[in-house]
Amino acid sequence: MFALRTIRETLGCTVHEAIDVFAARYEELRRDRPDNFTVGPEEYGGGFYF
């Protein structure tokens, strides 16, 4: 939630837009720095619900 709040405050966007920005950044980091992730994409964010 902290990341989404920060994105919204910085960009002045909606929650849905912030989620899109977060998801795009996640994919970019996952592609460029795969060793920095300890769980696979299927498990990432597990237990997080809106």
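For the structure given in this document, a descriptive report is provided here. Being a predicted model, the structure only gives us computed values, none of them experimental.

What counts as what
- Residues numbered from 1 in each chain as written.
- Predicted model: local features only at pLDDT ≥ 70, side-chain atom pairs only at ≥ 80, totals over all residues.
- Heavy atoms only, no water.
- Helix = DSSP H or I, 4+ residues; strand = E, 2+ residues; numbered from the N terminus.
- Expected span 1.5 Å × (residues − 1).
- Buried < 20%, exposed > 50% of the residue type's maximum accessible area, 1.4 Å probe, protein only.
- Arc of directions from axis to C-beta.
- Contact = heavy atoms within 4.5 Å.
- Salt bridge = Lys/Arg side-chain N within 4 Å of Asp/Glu carboxyl O.

1. Some remarks on helix H2 (residues 15-32)
Look at H2: 26 Å from first C-alpha to last across 18 residues, which is about the 26 Å you get at 1.5 Å a residue. Every buried residue of H2 is listed here: Ala18, Tyr26 and Arg30. Angularly, the buried residues of H2 cover 100 degrees about the axis, an arc narrow enough to put them on a single face. Exposed and oriented more than 90 degrees from the buried face of H2 are His16, Asp20 and Arg31. Turning to H2, the residues buried within the fold contact helix H1 (2-11).

2. Focus on the pattern of salt bridges
Taken as a whole and judged by the stated rule, the model has two salt bridges. The salt bridge partner of Arg25 is Glu28, with a shortest N-O separation of 2.7 Å. Placement of both Arg25 and Glu28 in helix H2 is noted, with a separation of three residues, approximately one turn of the helix. Take Glu28: its relative accessible area is 33%, and that puts it in the partly exposed class. Note that Arg31 and Asp32 form a salt bridge whose closest N and O atoms lie 3.1 Å from each other. A residue is classified by how much of its surface remains accessible, and Arg31, at 60% relative accessible area, is exposed.

3. Observations concerning the environment of Val21
The topology assignment puts Val21 in helix H2. Assessed through its relative accessible area of 36%, Val21 is described here as partly exposed. Each C-alpha atom, one on Val21 and one on Arg8, is 9.6 Å from the other, the two residues being 13 residues apart in sequence. Residues contacting Val21, with those up to four places away along its chain left out, are Ile7 and Leu11.

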